[in-house]
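Geometric and topological summary
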Amino acid sequence: MRLPPTPHAVVFDAAFAPADAYPFGSLNSRDQHLIAPKLQPTRIKCFERNAMTTRLSSEERATLAEVLPEWHQVVGRDAIQRSFTFHDFNEAFGFMTQVALKAETMNHHPEWFNVYNRVDITLSTHDADGLTQRDIELATAIDQYAGDRTSG
């Protein structure tokens, strides 16, 4: 099976191998059906990090307030956060759906919290252990989706 090359893709090459070659722990006889019989993954290929997973430089961080004026630095973390308040739950959920679809295409998923018409979003790139250009791009898209529908 071939997966599209993405910075976070994990590709398994299946070949005959002992069960202890399985990278996520050993398989017992009950779990053998999860993988083709007698076939075990023998290699994990992780793609190299690219510029999108490099933490933001000091110069890039200095422009964050101009580029994303509604987003705030999270205390104690290298992350940004913004709260949105919509007219009702339907509008908040519709917004979250738009963000989810964009996040999935970017393979970059936000941390978020929703209660009724309020949505809190935190962005940080876990692979880089901090803010990257991916967070800025997703935050910009999120701001566009929110548009003038939000009061916060």
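In short, a report on the structure. Quick caveat, the model's predicted, so the values are computed rather than measured. (Residues numbered from 1 in each chain as written. Predicted model: local features only at pLDDT ≥ 70, side-chain atom pairs only at ≥ 80, totals over all residues. Heavy atoms only, no water.)

**A word on helix 3 (residues 89-106)**
Relative to the 26 Å expected for 18 residues at 1.5 Å per residue, helix 3 spans 25 Å between its end C-alpha atoms, a close match to the ideal helical length. Among the residues of helix 3, Ala-92, Phe-95, Met-96, Val-99, Ala-103 and Met-106 are the ones counted as buried. The buried residues of helix 3 occupy an angular sector of 100° when the element is viewed end-on, so they sit on one face. With respect to the buried face of helix 3, the exposed residues turned more than 90 degrees away are Asn-90, Leu-101, Glu-104 and Thr-105. Packing partners of the buried residues in helix 3 comprise strand 4 (80-85), strand 5 (111-115), strand 6 (118-123) and helix 4 (133-146). Structurally, the start of helix 3 carries an N-cap: the backbone nitrogen of Asn-90 is 3.3 Å from a side-chain oxygen of Asp-88. At the C-terminal side of helix 3, Asn-107 shows a positive phi close to 55°. (Helix = DSSP H or I, 4+ residues; strand = E, 2+ residues; numbered from the N terminus. Expected span 1.5 Å × (residues − 1). Buried < 20%, exposed > 50% of the residue type's maximum accessible area, 1.4 Å probe, protein only. Arc of directions from axis to C-beta. Contact = heavy atoms within 4.5 Å. Polar contact = N/O pair within 3.5 Å; in protein donor to acceptor, adjacent residues only side chain to side chain.)

**Some details on the side chain of Thr-122**
Note that Thr-122 resides in strand 6. You can call Thr-122 buried: its relative accessible area is 15%. In this structure Thr-122 touches Val-74, Arg-77, Ala-79, Ile-80, Gln-81, Pro-110 and Glu-111, once residues within four positions along its chain are discounted.

**Notes on helix 4**
For an α-helix the count is 3.6 residues per turn, leaving residues at separations of three or four pointing the same way. Across its 14 residues, helix 4 extends 20 Å between first and last C-alpha, which sits within 8% of the 20 Å expected from 1.5 Å per residue. Within the sequence span of helix 4, burial applies to Arg-134, Asp-135, Ile-136, Leu-138, Ala-139, Ala-141, Ile-142 and Ala-146. Of the surrounding elements, those touching the buried residues of helix 4 are helix 2 (64-67), strand 4, helix 3 and strand 6. Positive backbone phi, approximately 50°, marks Gly-147, located one or two places after helix 4.

**Quick notes on the pattern of salt bridges**
Under the criterion given, the structure shown has 5 salt bridges. The partner of Arg-82 in a salt bridge is Asp-143, with the nearest N and O atoms 2.5 Å apart. Of the two residues, Arg-82 sits in strand 4 while Asp-143 sits in helix 4, which places them 61 residues apart along the sequence. For Arg-82, a relative accessible area of 8% translates into the label buried. Where Arg-118 meets Asp-120, a salt bridge forms, and the shortest distance between an N and an O atom there is 2.7 Å. A residue is classified by how much of its surface remains accessible, and Arg-118, at 42% relative accessible area, is partly exposed. (Salt bridge = Lys/Arg side-chain N within 4 Å of Asp/Glu carboxyl O.)

**A word on the nonpolar core**
Membership of the largest hydrophobic core comes to 22 residues, with the highest contact counts inside it found for Trp-71, Phe-84, Phe-95, Ile-121, Leu-123 and Ile-142. Broken down by secondary-structure element, the contributors of at least two residues to this core are strand 4, helix 3, strand 6 and helix 4. Residue contacts for Ile-121: discarding those within four places in its chain leaves Trp-71, Ile-80, Gln-81, Arg-82, Phe-84, Phe-95, Pro-110, Glu-111, Trp-112 and Ile-142. (Core = buried A, V, L, I, M, F, W, Y, C linked by side-chain atoms within 4.5 Å.)

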